[in-house]
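Close look at the chain arrangement
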Amino acid sequence: MGDPLERLELEDAGGSSLKDDEVCMEIDPPFRESTATTEDWRKALAKVVPAVVVLRTTACRAFDTEAAGASYATGFVVDKRRGIILTNRHVVKSGPVVAEAMFVNREEVPVYPIYRDPFLKYEEIPLAPEAASVGLEIRVVGNDSGEKVSILAGTLARLDRDAPHYKKDGYNDFNTFYMQAASGTKGGSSGSPVIDWLGRAVALNAGSKSSSASAFFLPLERVVRALKFLQNGRDSFVKKWEAVSILRGTLQVTFVHKGFDETRRLGLQSETEQRVRHASPQGETGMLVVESVVPGGPAHECLEPGDVLVCMNGEVITQFLKMETLLDDSVNQKIEIRIERGGTPLTVNLLVQDLHSITPNYFLEVSGAVIHPLSYQQARNFRFQCGLVYVAEPGYMLFRAGVPRHAIIKKLAGQEISLLEDLISVLCKLSRGARVPLEYVSYADRHRRKSVLVTVDRHEWYAPPQIYTRDDSTGLWTVKPAFQPDAGLLSSGINDLGGIRSDAVPLCTEASSVGHMHHDSRAELNEGVTSMETSYEHSSEGGHPRAESDVETKKHRVKEDFSSDGNAVADGSFLETDEGDLEDANTVENSVMRDLQGENVAAANSSLAERIIEPTLVMLEVHVPPSCMLDGVHSQHFFGTGVIIYHSQNMGLIAVDKNTVAISASDVMLSFAAFPIEIPGEVVFLHPVHNYALISYDPLALGAVGISLVRAAKLLPEPAIRRGDSVHLVGLSRSLQATSRKSIVTNPCAAVNISCADCPRYRATNMEVIELDTDFGSTFSGVLTDEHGRVRAIWGSFSTQLKFGCSSSEDHQFVRGIPIYTISQVLEQIICGAQGPPLLINCVKRPMPLVRILEVELYPTLLSKARSFGLSDDWVQALVKKDPIRRQVLRVKGCLAGSKAENLLEQGDMVLAINKEPVTCFRDVENACQELGKHENRDGKLNMTIFRQGREIDLLVETDIRDGSGTTRVINWCGCIVQDPYPAVRALGFLPEEGHGVYVARWCHGSPAHRYGLYALQWIVEVNGKQTPDLDAFLNVTKEVEHGEFVRVRTIHLNGKPKVLTLKQDLHYWPTWEVRFDPDSAIWRRNTIKALDYSSNL
C-alpha cells in the first residue's frame, strides 16, 4: 500500500497510493549559487509563457488505467515549426481522447496524440535535460489549480527520487529517476515545463504530494530522443503526417535503485561491488535491483525479485537512463545480463521485447463495456500476463452479471478465453436474450475464478459490438463492426455452446433458461454514464440461418385481441399434447408437486395465510441500462417482492411497487417462490399516480410443472381496511424463503408526504397508505393478507431523500401498505378489454387501460385549521358528516406544469366538493375522475367547489388522460440524454415558455456534453438560434450540424436560470441516436439519427 497523498497533477485527478519516502544518500555536483537576476527571470518568462498551453482533454472511453472523463492539464510547445507539444502520458492517456490546446491569448486549436501541427506561430521552449542539478533555481509555468497561467518558484533538491507510485490499479511510471523540488504545484499543472533562468526546460512536471509542497519532475533525456524521431519523421513526409515508429525495448521487469548497503544485505559480493564502483561515474551510490517480473514476459522464470543487476552486454549498468538506452537500441535482439542472486553470479540471455507490441491499440465495445488486451501497465500492477482479456469498463451486460472493472475474462459459454479474438468468436454465436456462464478473475482475488451468468441484452439498449482501432496517422480510433453483417450478435435462434443451452428471445416469446444473477446491493450511479454507441440493424446468426418464410410465419402469429375475456391463446402448442406425453408430464408433475407441497405443509411455524400466499409471491431483480436512465431513476439495480395477480395459460401479471420497477426501460428477472425457476418479465403498466407497476410474464416459460404450481393471489379490495384490523404481513427474503408475521393496523389512511429529490424522480402523491404497529424494516416488501390469505394491500417500498443542510442529501426508503382496490380496477380493465392503446403481451395484442386523473398535488388539512382560514361552519359540518374519522379537507399544493388544471386551481385552494358531493380524501377525487371515463358524452371536466381566500367558487376543471407506458423515447445527442419532461419535473410547477419538450436527464462521462458543461436538470430551448419546443424539432435542428462544428445551445435550468453555451459536435465517438419502445413488438428499438459513415472501414 502507499501514501494517498501523492497524486498526478490533473485538474480533476484524485490521489492514490504511494510508497513511503526513502532517505536519499546522494553525492551531487557542488552547489553553485545562481547568478540570475530578477530581470533575467523576467526575460526568460516572457519567452516561455507564450509557449505554454492549457490542455483540455476528454477521454471518450474508459481504456487501460483510465476511466472516461474530462480534465485540464498543461503542455508546452517544443517545436513550433512542426507543431509539437510536450505533456505527460497520463494527460493524453492511452485510449480515445479528444483535446484542445488554449494558448495564453485564449486562441484554441485541436491537438492529437500524434502531435498534429496546429499551424500557429508561437514561441517554443528548448529542452536542456543536462542543465538539471541539485540547487538549481527553477520556475514551474502552467495551469496550476485551474488557473490559466501560474508561475511557481522552487529549487531542485533531488535528482534520483524513486518514481512516484500513484495508484495500485492505475498509471505509474517506473524504471526511471524523478526530480524533486518544493514548488507546491497542485491539480492541473501536469505537463508544465520546469525552466531555468535561461528559459530552457530542464524537466517536466508530473505529480505532487498533497501533504507537503513536494513536486515531482520527469527527466527529459528520453523525451529528447523521442522528439528527434518525430522531427525526422515529420520532415520525411510531404503532404500529411504519418505514424512515426519510435523503438522502445522492455524485458517486462521493474527495477529499483538500492544503495550499496542494501545490495550487500541482498548478497552482493564485495569484489563485485568494488568492480562496479570502479566502472561507475564518480559519486555512484548504489545499483539496480529487480523489484518485480511480469508473468509470461521475457524475463519470467529467469529473473527474480532481489536479483542485483551487474551488467548488460558486458557493460556495468547502475543508472536507469543507461539501461533504457541499451534496451531501446536492442529491440528484438538478445542481450546478455549478469546478475547476482544471494551472492551467486548468474548470466542469462534475454530477448528484448518491443514495448509497442504489448501496448493495446484496439478494444471491443459491447453493451457499453470496453474490453481489450491487458496492457503492460496493468500487467505490472496486477501481476498477470500481458494480452489477457481485460475489462476496462463493465458497461451494462457485464455489470448486470456482477463482473467488476479490472476483471480478467477466462471463460465464456464453456469456451476458454485467452485472447480478445476468442471472446469475439464466442459472442458472435450468441443470440439476443441468451444466458451463458462466464468465468473471471480479479487482481483482488487472483487465485480463484468466479462464475456468473451473463445475459445478452434482449432489447436494443446499445449498438452492436464494435472494434475501435488506433490510427496513429490521424490520432483517431477508427471503428468497425466486430462481426460480419451475416453473422452478428443478437440474432434469433437457439445455440448450443459448450453444452450450455442458451435460449434466445425471438419476436413473440419470452422463454429463458434457468439461471441466477447476483448483485446484492443497490449500486448507485454517478451523474453521468460512461459510454454510448451507434445503432444497428438485426442480423441473423451465421450458424443458424433462418428463411424469410419462417420470419413471416412468426409475424403472422401476432394476433390482435380486443375480445372481452382477453384470454385468446396465441400459440396452441401448449394445448396440443400427445396422450403419452401427457401421462409422463402428469407423473413428473405430481411427483414434484408432492415434494414441494410437502415442504410447505411441513413448515412448523408457517401460518395458514403464509402457506396460501407463498405460491403467489415473486422476487424481482431489476436492472436499468445506463443508456436509458430516464425519469430521474436513482439506481441501476433494484430488488423487491411482487405478487401474482393474474395467471393463465397465456399471460401472467405481477404487481410490485415503483421503487422496485421505477421505469419501463428496464430488464426484469423473476424468481418464483412456488417453483425454482428464473424467467424474464416485461413492464406493461406503470400507474401515473399510485406506487405500483404491473409486470407480465409468459406462463409457458414455467413449464408444465411450474405453471401448475404457480398461482394468482385472491384479491380482496372490499371492505376497506380499518384501524385495529389484524393482518398478516408476508414477503420473501433474498433466499426466496417466505417470511410472515401478524400485525395490527394503526392507521389505514395515512397521507403520503414526500418532498422533491435533488434530481426529480417519481414520488408518491395523492395517496393514502396503511401503517402497521410492527413490520420487518424498511427493506422488506410483500403483501398484507387476511387470515385466509386474501390480499388486502401491497406492502410496498417508497423512495425518498433526506436532506441535511443546503447541499447534502441521502437516498432512503420506507415501506407502507398500498390498498389493493386501485390494482384490482386496472386488472379488471386489462382482462375485460380496455379502451387504450394496444400492447403486445406474449404474442397477443391487448388494449391497455387509460387513467383519467386530475394533475394536481393535494394534501390534507385538519378541519380545525381550515376553520381558522375562514371555512364556514356549514362546510365543516358537511365534511365531518361525510367522513367523521378523517375530519379533514384537501388543499391544493400545486398543479403540474402543463396540466389542464394549471391556470384554474391555485396553491392553497380548499377542495370542498366535486359534482356537488363533498370531498374528504384522495379516493373521492379519484372516483370522480373515473366516473368521467365511464361516460363518453362527458367533456372530461369536474364541477369543483373550492374555497379560495374567504370565498366559495365553482369551477369547471378539465382532467388529463394518461397511459401506463411511462417514458418510451430517449435521445442521445453529444452524450447528453434528452427526453420529454416527465411528471416529477412537471410537478415542480415550471416549464419554460420558450419550449419545454427537450429535457436533459443525464450526461455521459467523456462526451462533448461533459466537456462543455451541458449537464442534467435543464431544458434545451434553442439550438443555433432555432427553437426546440419538442424532440422532433430538436432532431431536425441538430441534423443540420455537421461533425466537428460548434453549435450554440440555449438552456434553462430547473431553477429558471437561462444559460448559453457552445458545444462541438463529435459524431465519431458520439453519434446521435434514439431508443424507442415499439408496442407492436414489445421491444425497445435503437435508431441512428446521424453518424459518420464507416463503410470504408469494413
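Remember, it's a predicted structure, so these values are computed and weren't measured experimentally. (Residues numbered from 1 in each chain as written. Predicted model: local features only at pLDDT ≥ 70, side-chain atom pairs only at ≥ 80, totals over all residues. Heavy atoms only, no water.)

1. Some points on the overall build of the chain
Quick note on the threshold: Put simply, DSSP marks the helices as runs of H or I at least four residues long and the strands as runs of E at least two long, and each gets a number from the N terminus on. Burial classes: relative accessible area under 20% of the type maximum marks a residue as buried, over 50% as exposed, and values in between as partly exposed (1.4 Å probe, protein chains only). Whether two residues are in contact is decided by their heavy atoms, any of which lying within 4.5 Å being enough. Only the protein chains shown count as cover for residues, and the accessible areas themselves come from Shrake-Rupley with a 1.4 Å probe.
Secondary structure assignment for the chain yields 20 helices and 64 strands. Taking all 1098 residues of the chain together, the buried fraction comes to 57%. A sequence separation of at least 24 residues applies to 69% of the contacts in the chain between residues at least 6 apart. Counting every atom, the chain has about 45200 Å² of accessible surface; 50% of that belongs to carbon and sulfur.

2. Things to note about the packing of aromatic side chains
For the record, the criterion: Aromatic rings from Phe, Tyr and Trp, taking only the six-membered ring of Trp, are treated as a pair when their centres fall within 6.5 Å; an angle between ring planes under 30 degrees marks them as stacked, one over 60 as edge-to-face, and anything in between as tilted. A ring is scored as having a charge over it whenever the NZ atom of a lysine or the CZ atom of an arginine sits within 6 Å of its centre and within 35 degrees of its normal.
Enumeration according to the criterion identifies 22 aromatic pairs in this entry. An aromatic cluster is built from Phe63, Phe363, Tyr468, Trp477 and Tyr1069, whose rings are joined through pairwise contacts. When the ring centre of phenylalanine 174 is taken as origin, the NZ or CZ atom of arginine 380, which lies over that ring, is 3.9 Å away. The ring of tyrosine 762 has lysine 658 lying over it, and the distance from NZ or CZ to the ring centre is 3.8 Å.

3. Side note on helix H5 (residues 270–279)
Rule in force here: Note that the arc is computed from the directions linking the helix axis to the C-beta atoms.
Regarding H5, the residues found buried are Thr272, Glu273 and Val276. One side of H5 carries all its buried residues, which in axial view fall inside an arc of 100°. Elements that come into contact with the buried residues of H5 comprise helix H4 (260–265), strand S15 (286–293), strand S16 (308–312), strand S17 (315–316) and strand S18 (334–341).

4. A few points about the nonpolar core
What counts is decided by this rule: The criterion is simple. A nonpolar core is a set of buried Ala, Val, Leu, Ile, Met, Phe, Trp, Tyr and Cys residues joined through side-chain atoms within 4.5 Å.
Core analysis: the largest hydrophobic core is formed by 86 residues, its most contacted members being Leu620, Leu670, Phe672 and Leu694. Counting residues per element, this core draws most heavily on strand S35 (residues 637–647), which supplies six residues. Residues Val77, Val109, Tyr166 and Leu227 belong to the second largest nonpolar core, which totals 38 residues.

5. Here's the deal with the pattern of salt bridges
Going by this rule: Salt bridges are defined as contacts in which a side-chain nitrogen from Lys or Arg sits within 4 Å of a carboxyl oxygen from Asp or Glu.
Tallying each qualifying case throughout the model produces 56 salt bridges. Between aspartate 328 and arginine 222 there is a salt bridge whose closest N-O contact spans 2.2 Å. Placement of the pair is aspartate 328 in helix H6 (residues 320–328) and arginine 222 in helix H3 (residues 221–236), with a sequence separation of 106 residues. Accessibility expressed as a relative area gives 2% for aspartate 328, which makes it buried. What makes arginine 222 partly exposed here is its relative accessible area of 26%. Residue arginine 1076 is joined to glutamate 1074 by a salt bridge in which the shortest nitrogen-to-oxygen separation is 3.6 Å. Arginine 1076 gets classed as partly exposed once you look at its relative accessible area, which sits at 37%. On the basis of relative accessible area, glutamate 1074 is assigned to the buried category, the value being 9%. Here the salt bridges share partners, and the residues they tie into one network are Arg222, Arg225, Arg248, Glu324 and Asp328.

6. Describing a nonpolar patch on the surface
Put simply, the rule reads: For patches, a residue must show more than 30% relative accessible area and have no salt bridge; joins then use 9 Å for like charges and 5 Å for nonpolar side chains, namely Val, Leu, Ile, Met, Phe, Trp and Tyr.
Taken together, Val104, Val149 and Ile151 make up a surface patch of nonpolar side chains, about 190 Å² in accessible area. Locating isoleucine 151 in the fold gives a position in strand S8 (residues 150–162). On the basis of relative accessible area, isoleucine 151 is assigned to the partly exposed category, the value being 40%.

7. A short note on the environment of leucine 268
Position of leucine 268 relative to the elements: it lies in the loop between H4 and H5. Residue classification places leucine 268 among the buried residues on the basis of a relative accessible area of 6%. Note: C-alpha distance between leucine 268 and isoleucine 339 (71 residues apart in sequence) is 9.4 Å. Those residues in contact with leucine 268, other than ones at most four positions away along the chain, are Thr263, Glu273, Met287, Val308 and Glu340.

8. Brief notes about the pairing of strand S38 (residues 678–686)
Convention followed: Here, any two strands with at least 2 DSSP bridges between them count as paired.
The element S38 is extensively covered by neighbouring structure, given that nine of its nine residues are classed as buried. Relative to S38, strand S37 (residues 667–672) runs antiparallel, the two being bridged by four bridges. Looking at S38, one finds that methionine 669 is bridged to proline 680. Two elements, S38 and strand S39 (residues 693–697), share four bridges in a ladder whose sense is antiparallel. Paired with valine 683 across the strands is isoleucine 695, a residue of S39.

9. Observations concerning the sheet that holds strand S5 (residues 97–102)
To be explicit about the condition: To obtain an axis, a line is fitted to C-alpha atoms, over the contacting stretch when the element is a helix, and the angle between two such axes runs from 0 to 180 degrees between their N-to-C directions.
Here five strands make up an open sheet; going across it, the order is S4-S3-S2-S5-S6 and the pairing antiparallel. At either margin of the open sheet sits one strand with a lone partner, and together these are strand S4 (84–86) and strand S6 (108–111). Sheet twist, expressed as the average angle between the axes of neighbouring strands with direction ignored, equals 40°. As paired strands, strand S3 (residues 69–79) and S4 are joined by three bridges and run antiparallel to one another. The partner of aspartate 79 across the bridge, within S4, is isoleucine 84.

10. What about the sheet that holds S39?
Ordered in space as S34-S35-S36-S39-S38-S37, the six strands form a closed barrel in which the pairing is antiparallel. Ignoring which end each strand starts from, the neighbouring axes of this sheet average 40° apart. Against the sheet, helix H14 (residues 821–832) touches S35, strand S36 (652–656), S38 and S39, its axis set at about 60° to S35.

11. Describing helix H20 (residues 1031–1038)
Within H20, six of the eight residues are buried, which leaves the element mostly enclosed by the surrounding structure. Turning to H20, its buried residues number three or more, namely Leu1031, Ala1033, Phe1034, Leu1035, Val1037 and Thr1038.

12. So, the pairing of S35
Of all 11 residues making up S35, 11 are buried, and the element is well covered by its neighbours. Pairing between S35 and S36: four bridges, direction antiparallel. Pairing of histidine 647 across the sheet is with glycine 652, part of S36. As consecutive antiparallel partners, S35 and S36 are separated by four residues.

13. A look at unusual backbone geometry
For the bond from glutamate 718 to proline 719, the omega torsion is -5°, close enough to zero to count as cis. In this fold, proline 719 is placed in the loop between helix H13 (703–709) and strand S40 (726–732). In this model, glutamine 949 sits at a positive phi of 50°, which is unusual for a non-glycine residue. As for its position among the elements, glutamine 949 is in the loop between strand S53 (941–948) and strand S54 (951–958).

14. Overview of the confidence of the model for the chain
Caution is warranted with low-pLDDT regions, since their predicted coordinates should not be read in detail. Applicable threshold: For every residue, the pLDDT score states the predictor's confidence, bounded by 0 at the bottom and 100 at the top.
Across the chain, the average pLDDT comes to 84, with 83% of residues at 70 or higher. Averaged pLDDT values over the elements of the chain bottom out at 33 in helix H10 (residues 548–557) and peak at 98 in S36. Contacts for the low-pLDDT stretch residues 490–589, under 50 throughout, to residues beyond four places or in other chains number 258 contacts. Within the model, pLDDT remains below 50 along residues 596–604, and this stretch shows eight contacts once partners closer than five positions in the same chain are excluded.

15. Topic: the environment of proline 465
For proline 465, the location among the structural elements is in the loop between strand S27 (445–455) and strand S28 (466–471). When the C-alpha atoms of proline 465 and phenylalanine 483 are compared, they prove to be 7.5 Å apart, with 18 residues separating the residues in sequence.

16. Observations regarding the side chain of serine 214
Stated precisely, the cut-off is as follows: Polar contacts here mean pairs of N or O atoms no more than 3.5 Å apart (in protein, one a potential hydrogen donor and the other a potential acceptor; neighbouring residues in sequence count only if both atoms are side-chain atoms).
Secondary-structure assignment places serine 214 in the loop between strand S11 (201–209) and strand S12 (215–218). Using a relative accessible area of 16% as the deciding quantity, one classes serine 214 as buried. Polar contacts involving the side chain of serine 214 include one to the side chain of glutamine 180, which spans 3.3 Å. Those residues within four positions of serine 214 in sequence are excluded, and the remaining contacts are Gln180, Ala181, Ala182, Ser208 and Lys209.

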